[in-house]
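Spelled out, the chains give:
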Amino acid sequence: MRVNFTVNGRPQEADDVWEGESLLYVLRERMGLPGSKNACEQGECGSCTVRLDGVPVCSCLVAAGQVQGREVVTVEGLADYARQRSCGTGGCGTSLEESRQWQAKGTDSRTGEGTELAPIQQAFIDAGAVQCGFCTPGLLVAADEMLERNPDPTDADIREALSGNLCRCTGYEKIMDAVRLAAARQGGAV
Amino acid sequence: MDFLRPASWEEALAAKAEHPTAVPIAGGTDVMVEINFDHRRPEYLMDLNRVGDLCEWEVGEESVRLGASVPYTRIMENLRAELPGLALASHTVASPQIRNRGGVGGNLGTASPAGDAHPALLAAGAEVEVESVRGTRRIPIDEFYKGVKRNALAADELIRAVHVKKADGPQQFSKVGTRNAMVIAVCAFGLALHPETRTVRTGIGSAAPTPIRAEAAEEFLNAALEEGGFWDNGKIVTPSVAQQFADLCSAACNPIDDVRGTASYRRHAVGVMARRTLTWTWESYRGARRNIEGAA
Ligand SMILES: Cc1cc2nc3c(=O)[nH]c(=O)nc-3n(C[C@H](O)[C@H](O)[C@H](O)COP(=O)(O)OP(=O)(O)OC[C@H]3O[C@@H](n4cnc5c(N)ncnc54)[C@H](O)[C@@H]3O)c2cc1C
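Residues numbered from 1 in each chain as written. Chains lettered and ligands numbered in written order. Predicted model: local features only at pLDDT ≥ 70, side-chain atom pairs only at ≥ 80, totals over all residues. Heavy atoms only, no water.

If you check an unreviewed UniProt entry, chain B appears there as Oxidoreductase subunit from Streptomyces viridochromogenes.

You'll find chain A entered in an unreviewed UniProt entry as 4-hydroxybenzoyl-CoA reductase, gamma subunit, with Streptomyces viridochromogenes given as the organism.

Encoded structure:
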């Protein structure tokens, strides 16, 4: 079957989609967007978290056919999404080509300088919240959404918002630091 | 496999009548796991996300009519006052991502003894509104669970809504697991005080082939509270009464040993949760009484 939906602000079309296929599979294998990670395939790990009509969901548990006509934001589109949110205009989405070429390199891979990053991505780099990196995309999408809803979260709020994202390097303290840092920067305190 | 996309409730009923083997998919948090792991290969998958009114709820005089697909997140945010037990239970389901998709209709569809909505629905009192092209019926929640992961739905029926009695007193939900998130209940317990009828109702999860009420325990407690004049005098429940209630709740269980816990642990834990939830709800009932009397 064919599925038409919006990915990172641009209309996209996926063809020959199997009816039992997940949104995650369509994103990774048909659109070439491997940012959303495929790990547990049962909603336990959160590494495939994307936003579906604004709401964070596990893309491995959404049937591809269910996203017909709906809007999906993946980690590849997070920078543009955050920019649109902060300036309210000008966002033109992220093309598949740009998304596929995205690298956290820029001119300096340790600081992220020269790459367009969402504030939450920059905060993860600055706080050293990335170890093997596998859980990072899902955490970024979940954390970004929480900060949009709740700009001044308590530690308990952060823990709850990220409770569906597992980090098997167990770097949770640095992840907490990163989200606190992003919140402080967003509030103009840093 | 075919993917059916009914755009309205009527279309969904017609599709289900035509293809009784079609598997409805709402949040997909049970169905997709089965498909991803090749445990299920339905001939037809029927998306319910396009049926808008399944995501709506209505607060009436006596009860809340909760659309089958209202996600747990909405229940927690919007129905805490009317359905405190279900809101508490909803908050213990999985993680934010799962709660944003999954709902009570899917929990009832799966009818797992470990589903967290069930103890809350049993304790509050509820009816499941199901419909097919043949007509509508309301199934009392006590008659809905038929066996391990089996429910009272006919092949052509769909769940449209659940009618849950609005709380007329304090309600609690308690669940045993290894962490505060992403935990399938080792066992769970729901308790609701109904001061209007001077009754207490219970719901037990994961400690029998189906979710159950501890009816003998309820009868015992109802009689003891009546006899002692507790609803009027607002005294603390006598510890021996609370203990007897807890023991009867344990005795209502018919649990198994599995990876999450042993049968005897489950029986024990249900007793502990019964005593605690009774204490919590009774304290809050006494507090509310004192406030009313203080104001008068
Ligand atoms: C990681 C993870 C953790 C989980 N943790 C918990 C937990 O802590 N507690 C808990 O209770 N559950 C848990 N679950 C299970 C699941 O999230 C719940 O059972 C949820 O309520 C299912 O709702 P859904 O809308 O996603 O159902 P779906 O997967 O869409 O459907 C479930 C079943 O119900 C049927 N169905 C759905 N809607 C209807 C309808 N309107 N009429 C008739 N049949 C229907 C479907 O055909 C299917 O058989 C977890 C699941 C995952 C993946």
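Alright, that's what it looks like, and here's the rest.
**Q** Which residues make up the site of the ligand, and what are the values?
**A** Neighbouring the ligand are 37 residues; P24(B), T29(B), D30(B), Y72(B) and D116(B) lie closest to it. In this structure, the ligand sits where chains A and B come together, each supplying nearby residues. The side chain of D116(B) places a nitrogen or oxygen atom 2.6 Å from a nitrogen atom of the ligand. Expressed as a share of its isolated accessible area of 980 Å², the protein-covered part of the ligand is 93%. For the shell around the ligand, the secondary structure elements donating two or more residues are β2 (23–25), α2 (31–36), α6 (104–110) and β10 (158–165) of chain B. A per-element tally of the shell around the ligand places α6(B) first, with four residues. Per-class residue counts for the shell around the ligand are 19 nonpolar, 13 polar and five charged. (Near = heavy atom within 4 Å. Polar contact = N/O pair within 3.5 Å; in protein donor to acceptor, adjacent residues only side chain to side chain. Areas by Shrake-Rupley, 256 points an atom, 1.4 Å probe, with all protein chains shown as cover. Helix = DSSP H or I, 4+ residues; strand = E, 2+ residues; numbered from the N terminus. Nonpolar A, V, L, I, M, F, W, Y, C, P; charged D, E, K, R; others polar.)

**Q** Describe the pattern of salt bridges, naming the residues involved and giving the relevant values.
**A** Side chains that differ in charge, positive against negative, can pair when their charged atoms come close. Throughout the structure, instances matching the rule amount to 36 salt bridges over all chains. The shortest N-O distance in the salt bridge between E173(A) and R159(A) comes to 3.9 Å. Taken together, the residues E173(A) in helix α7 (residues 172–186) and R159(A) in helix α6 (residues 155–161) connect sequence positions 14 residues apart. Residue R159(A) is classed as partly exposed on the basis of its relative accessible area of 49%. When the shortest N-O distance is used, the salt bridge between D116(B) and K175(B) registers 2.6 Å. (Salt bridge = Lys/Arg side-chain N within 4 Å of Asp/Glu carboxyl O. Buried < 20%, exposed > 50% of the residue type's maximum accessible area, 1.4 Å probe, protein only.)

**Q** Could you give me a rundown of the pairing of strand β2 (residues 10–14) of chain A, with the residues and numbers involved?
**A** All names here are of chain A. In this structure, strand β1 (residues 3–7) lies alongside β2, joined through five bridges in antiparallel fashion. Bridged to V7 within β2 is R10. Where β1 folds back on β2, the antiparallel hairpin that results is connected by two residues, among which N8 adopts a positive phi of roughly 50°. (Pairing = 2+ DSSP bridges.)

**Q** How would you explain the UniProt feature "domain: FAD-binding PCMH-type" (unreviewed entry) in chain B if you had to name every residue and give the values?
**A** When the UniProt feature table is mapped onto this chain numbering, "domain: FAD-binding PCMH-type" (unreviewed entry) sits at residues 1–169 of chain B. As a span, residues 1–169 of chain B carries 30% helix and 26% strand, and end to end its C-alpha atoms are 48 Å apart. (UniProt positions renumbered as here; feature names shortened; annotations may be inferred.)

**Q** Summarise the packing of aromatic side chains; cite the residues concerned and give the values.
**A** Residue and element names in this part refer to chain B. Summed over all chains, the structure comprises four aromatic pairs over all chains. When the centroid spacing of 5.7 Å and the interplanar angle of 90° are considered together, the rings of F144 and Y145 count as edge-to-face. Of the two residues, F144 and Y145, both sit in the buried class. Measuring from ring centre to ring centre gives 5.3 Å for W231 and Y285, while their planes differ by 75°; the resulting arrangement is edge-to-face. Here the residue W231 occupies a position in helix α9 (residues 230–233), and Y285 occupies one in helix α11 (residues 263–295), the gap between them amounting to 54 residues. A single burial state applies to W231 and to Y285, both of which are buried. Each residue in the set W231, W282 and Y285 is aromatic and connected to the rest through ring pairs, giving one cluster. (Phe/Tyr/Trp six-rings, centres within 6.5 Å; stacked < 30°, edge-to-face > 60°.)

**Q** Account for the sheet that holds β10(B), with residues named and values stated.
**A** All names here are of chain B. An order of β4-β5-β10-β6-β7 is seen for the five strands of this open sheet, with the pairing classed as antiparallel. One side of each edge strand has no neighbouring strand; the edge strands of this open sheet are β4 (57–59) and β7 (135–140). When the angles between neighbouring strand axes are averaged without regard to direction, this sheet yields 20°. Where strand β6 (residues 126–132) lies against β7, six bridges are found, and the strand directions are antiparallel. Of the residues in β7, the one forming a bridge with E127 is P140. (Axes fitted to C-alpha atoms, helices over the stretch in contact; angles between N-to-C directions.)

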